[in-house]
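Take a look at the letters that make up each chain.
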Amino acid sequence: MARQRRIVEVLMQRHGRTFASELGVDLRKNTPSPLFRLLCYSLLTSAPVSADLAMRGARAMAEAGWTTPRKLQASDWASRARVLNEAGYARVDEKTATQLADMNAELLDTYAGDLRKLREAAGSPKALRKRLKTFKGIGGTGADIFLREVQSVWDECYPYADKAALSAADKLGLKADAEKLANKVSPEDYPRLMAALVRCKLTKDIKSVLEAAKA
């Protein structure tokens, strides 16, 4: 147990930053704009690009002023494609620009642009994931990213762990089980632990974390 605690400590020190935090989004407000920006990031990560490019794309969208469904609705396809292309989406900028519009239209039509209404309509993590996947461009990975991050404010999702986080946990010698991982940190820190596991996997830092935990 002491060994596992040390691994968790090293993980949190090195990688314990949520992706929402990196994006500059404060999910604690649980208001439409931060939730919308997280949804856009989740869609961008579903494209065949790196995690870093997805983050750049999401930040570029914010810089363009597209931080709410209404503001994105007011954009044109050419502007979206250009912003994404400049952010590094050279191969999939046109497709993603279309998917963003389709996703946004469904969000506005079905939930009046407010993801809290999706939460109310779903009622459970399983139903939430299913509804998220109905948005054009968001697959299982994108839905998992959204739920992994939003569990900090949507209590019914806690503790949520996706395949990427559980895979890293297994390789680190931690239990690949959401409930058991949740016992290792406070509820407030659990989303950070999930992000740390994913970042550790993305950066291929498993071996280094294990070595540091021995010290």
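None of these values were measured; they are calculated from a predicted model.

K.L.:
Teacher, can you tell me more about the overall build of the chain here?
P.N.:
Looking only at helices and strands, the chain has 14 helices and zero strands in total. Ordered by position from the N terminus, the helices and strands of the chain form the series α-α-α-α-α-α-α-α-α-α-α-α-α-α. For 215 residues, the compact-globule estimate of 2.2 N^0.38 gives 17 Å, and the C-alpha radius of gyration of the chain, at 17 Å, lies within 12% of that figure. Taken along the three principal axes of its C-alpha coordinates, the chain extends 55 × 35 × 25 Å. With 215 residues in all, the chain has 51% of them scored as buried. Taking contacts inside the chain between residues at least 6 apart in sequence as the whole, the part at least 24 apart equals 65%. Across the chain, the centroid of the 37 positively charged side chains sits 4 Å from that of the 26 negatively charged ones.

K.L.:
I'm lost on the pattern of salt bridges in this one. Help?
P.N.:
If charged atoms from side chains of opposite charge come close, those side chains can pair. In total, this model carries eleven salt bridges according to the counting rule given. For glutamate 86, the salt bridge goes to arginine 82, with nearest N and O atoms at 3.8 Å. You can see glutamate 86 and its partner arginine 82 sitting in helix α6 (residues 77–86), four residues apart, about one turn around the helix. A salt bridge links glutamate 156 to arginine 119; its shortest N-O distance comes to 2.8 Å. One end of the pair, glutamate 156, is in the loop between α10 (140–150) and α11 (163–171); the other, arginine 119, is in helix α8 (residues 115–122), and 37 residues separate them in sequence. Note on glutamate 156: relative accessible area 28%, which makes it partly exposed. Judged by its relative accessible area of 22%, arginine 119 is partly exposed.

K.L.:
Honestly, the packing of aromatic side chains in this entry has me stumped. Any pointers?
P.N.:
The description of an aromatic ring pair uses the distance of the two centres, along with the angle that the planes make with each other. A full pass over the atoms with the stated rule returns four aromatic pairs. Ring centres of phenylalanine 146 and tryptophan 154 lie 5.7 Å apart, and the angle between their planes is 65°; on these two criteria the pair is classed as edge-to-face. No difference in accessibility class separates phenylalanine 146 from tryptophan 154, as the two residues are buried. Measuring from centroid to centroid gives 5.4 Å for tyrosine 158 and tyrosine 190, while their planes differ by 90°, and the two rings are edge-to-face. Here tyrosine 158 is found in the loop between α10 and α11, whereas its partner tyrosine 190 is found in helix α13 (residues 190–202), with 32 residues between them in sequence. Relative accessible area serves as the criterion here: at 0%, tyrosine 190 is assigned to the buried category. Residue placement shows arginine 199 over the ring face of phenylalanine 19; its charged tip is 4.0 Å from the ring centre.

Cut-offs applied
Residues numbered from 1 in each chain as written. Predicted model: local features only at pLDDT ≥ 70, side-chain atom pairs only at ≥ 80, totals over all residues. Heavy atoms only, no water. Helix = DSSP H or I, 4+ residues; strand = E, 2+ residues; numbered from the N terminus. Rg over C-alpha atoms; globule rule 2.2 N^0.38 Å. Buried < 20%, exposed > 50% of the residue type's maximum accessible area, 1.4 Å probe, protein only. Contact = heavy atoms within 4.5 Å. Lys, Arg positive; Asp, Glu negative; His and termini not counted. Charge placed at Lys NZ, Arg CZ, Asp CG, Glu CD. Salt bridge = Lys/Arg side-chain N within 4 Å of Asp/Glu carboxyl O. Phe/Tyr/Trp six-rings, centres within 6.5 Å; stacked < 30°, edge-to-face > 60°. Lys NZ or Arg CZ within 6 Å of the ring centre and 35° of its normal.

Take it as geometry only, folks, not as evidence of what the structure does.
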